[in-house]
Amino acid sequence: MKNPVVIVGAGLSGLRAASLLAAHGIPCRVLEARERIGGRVLSTSGPNRADLGKFDLGPTWFWPEYESAITGLVKELNLETFVQYTKGAMLSERFQNEPPERHVLPENAGARSIRFIGGVQSLIDAVADTIPSGIVELGTRVTAIRQEEAGVITVEAVLADGETTNVTASAVILALPPRIVARHIEFSPSLPADLMTDLAGKPTWMAGQAKAVAIYDRPFWRESELSGFASSWVGPLQEIHDASPKTGSGALFGFFGMPARTRRELGEDKVLNLVIDQLVRLFGTSAQNVKAILYKDWAEDSETAVEEDLDPLRDFPSYDQPPKAGVWEKKIIFAGTETNSPFGGHLEGALQSAEQAVFEIIKLN
């Protein structure tokens, strides 16, 4: 292959594709708009409190009972994991100004959720370590992809300093949310109309969501025989889980029921004040003793969300491969969790889509 395969996006799918291509001796380059790898994976510490541990503001779990690709990769990379804490009662907050209900769920009520020591970023870093140095280029935003008459592909990107660079490619793997592709990358010749409609209509997983993590010196709720799991019809958090590391500090994280537009109107400070108020309602006054609080509103992340993603999802999206790409067939290959039907929205879907994309590239050689 004279020219490299260009992978757009250094999230889990893009990095795994690069790792697999490198293992097959196929040259590639990964172009990433952000100044970090990981995409929607984001594991971080509290400000000036790295001693409390790392916490996931993006995906958190995987399920070995059902997900073979990530389970095999975790074993291959020798990553350390632990089981999500679920021991004790859950809380249900149904009505404003009424105390939460306490419920003891049956043992083994659901599949075991597995977490990474050090957060999901440990998976990202381990995959990146399998890629030869110099392949991943950060601060490189792809803005256009052109196919010349001879079939040569040129990928145009803007660097962090504003300069433009052109990369010649044999094929392109788009490991980005479909809506980001439709909104921010220009194609010449244009993609077929039905393909553009499909990309623009496919909601980006997590794009309308936000996560908050309240960090404590210990998981105090366990002393009251609570699991840390709570559901709420009051909000602002709709679903809460124990986010504590395997040992040491304690943490609670929650997904918001509050729509993205409401979060934007209120602003981060007011939103987080409402979060602490809710945690106090549910778990008592000890919840006021926050050592740090983390917040990530993915709807405000321009590398993840477009304006349409501010509208709340009413159903689980239907994820699968986009339609045929016309003159771009075999030149552009789509990857990312939104392109995987069985596990769309999961880390497993990102990995399976990367494996499928590399399989398609190998068939071209």
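Reading guide: rules and limits
Residues numbered from 1 in each chain as written. Predicted model: local features only at pLDDT ≥ 70, side-chain atom pairs only at ≥ 80, totals over all residues. Heavy atoms only, no water. UniProt positions renumbered as here; feature names shortened; annotations may be inferred. Helix = DSSP H or I, 4+ residues; strand = E, 2+ residues; numbered from the N terminus. Pairing = 2+ DSSP bridges. Axes fitted to C-alpha atoms, helices over the stretch in contact; angles between N-to-C directions. Contact = heavy atoms within 4.5 Å. Salt bridge = Lys/Arg side-chain N within 4 Å of Asp/Glu carboxyl O. Buried < 20%, exposed > 50% of the residue type's maximum accessible area, 1.4 Å probe, protein only. Polar contact = N/O pair within 3.5 Å; in protein donor to acceptor, adjacent residues only side chain to side chain. Phe/Tyr/Trp six-rings, centres within 6.5 Å; stacked < 30°, edge-to-face > 60°.

Some words on the UniProt feature "domain: Amine oxidase" (unreviewed entry) in the protein chain
Here's step 1: In this numbering, the UniProt entry assigns the feature "domain: Amine oxidase" (unreviewed entry) to residues 12-89 and 110-361.
Here's step 2: Span residues 12-89 is 27% helix and 15% strand, its end C-alpha atoms 34 Å apart.

A word on the pairing of strand β10 (residues 140-147)
Here's step 1: When β10 meets strand β11 (residues 153-159), the two strands line up antiparallel, connected through seven bridges. Note on β11: the bridge partner recorded for valine 142 is alanine 157.

Focus: the sheet that holds strand β12 (residues 164-169)
Where strands meet in a sheet, backbone hydrogen bonds hold them as pairs that are either parallel or antiparallel.
Here's step 1: Ordered in space as β12-β11-β10-β14, the four strands form an open sheet in which the pairing is mixed. Each edge of the open sheet is held by one strand with a lone partner, namely β12 and β14 (186-188). Geometrically, the sheet is characterised by an average inter-axis angle of 25 degrees between neighbouring strands, direction not taken into account.
Here's step 2: Of the pairings in the sheet, the one linking β11 to β12 comprises six bridges and is antiparallel in character. Residue pairing across strands places valine 158 opposite threonine 164, the latter belonging to β12.

What to know about the environment of glutamate 355
Here's step 1: Mapped onto the elements, glutamate 355 comes out in helix α8 (residues 347-364).
Here's step 2: If sequence neighbours within four positions are ignored, glutamate 355 has contacts with Arg16, Leu20 and Ala69.

Examining the pattern of salt bridges
Here's step 1: Applying the stated criterion across every chain yields a total of 24 salt bridges.
Here's step 2: When the shortest N-O distance is used, the salt bridge between arginine 261 and glutamate 307 registers 3.6 Å. Linking arginine 261 in helix α6 (residues 260-266) with glutamate 307 in the loop between β19 (292-297) and β20 (332-334), this pair joins segments that are 46 residues apart in sequence.
Here's step 3: A relative accessible area of 35% means that arginine 261 is categorised as partly exposed.
Here's step 4: When the shortest N-O distance is used, the salt bridge between glutamate 360 and lysine 363 registers 3.5 Å. Linking glutamate 360 with lysine 363, this pair stays in helix α8, spanning three residues, or about one helical turn.
Here's step 5: Judged by relative accessible area, which is 52%, lysine 363 ranks as exposed.
Here's step 6: Among the charged side chains, a salt-bridge network with shared partners connects Arg261, Arg264, Glu300, Glu307 and Asp311.

What to know about the pairing of strand β16 (residues 226-232)
Here's step 1: Counting buried positions over the seven residues of β16 gives six, a clear majority of the element.
Here's step 2: As paired strands, strand β6 (residues 89-93) and β16 are joined by four bridges and run parallel to one another. Note on β16: the bridge partner recorded for serine 92 is serine 231.
Here's step 3: Linking two consecutive strands that pair antiparallel, namely β16 and strand β17 (residues 237-242), is a turn of four residues; a positive phi of about 90 degrees is found at glycine 235 within it.

A word on the side chain of serine 249
Here's step 1: Mapped onto the fold, serine 249 is located in the loop between β17 and β18 (250-256).
Here's step 2: Looking at serine 249, its side chain comes within polar contact range of the main-chain oxygen of leucine 52, at 2.5 Å.
Here's step 3: Apart from the residues lying within four places of it in its own chain, the contact partners of serine 249 are Leu52, Phe55, Ile215, Tyr216, Asp217, Arg218, Pro219 and Ser244.

What to know about the packing of aromatic side chains
We describe a pair of aromatic rings using the distance from one ring centre to the other and the angle between the two ring planes.
Here's step 1: As enumerated under the stated definition, the model contains 12 aromatic pairs in all.
Here's step 2: Here the aromatic rings of phenylalanine 316 and tyrosine 319 are separated by 6.3 Å at their centres, their planes lie at 70 degrees, and the arrangement is edge-to-face.
Here's step 3: For phenylalanine 316, a relative accessible area of 53% translates into the label exposed.
Here's step 4: Since its relative accessible area comes to 4%, tyrosine 319 is described here as buried.

Observations concerning the sheet that holds β18
Here's step 1: Strand order across the open sheet formed by seven strands is β7-β6-β16-β17-β18-β15-β19, with mixed pairing between neighbours. Here the strands that pair on one side only, and so sit at the sheet edges, are β7 (101-103) and β19. If you compare each strand with its neighbour and ignore which way they point, the axes differ by 20 degrees on average.
Here's step 2: Note that β16 and β17 share two bridges and pair antiparallel. Across the sheet, residue serine 231 finds its bridge partner in β17, namely glutamate 239.

Looking at helix α3 (residues 121-128)
Here's step 1: Burial within α3 is extensive, with six of its eight residues counted as buried.
Here's step 2: For α3, the set of buried residues is Gln121, Ser122, Leu123, Ile124, Ala126 and Val127.
Here's step 3: Buried positions along α3 lie against α1 (12-23), β3 (43-44), β4 (55-56), α2 (68-76) and β8 (114-116).

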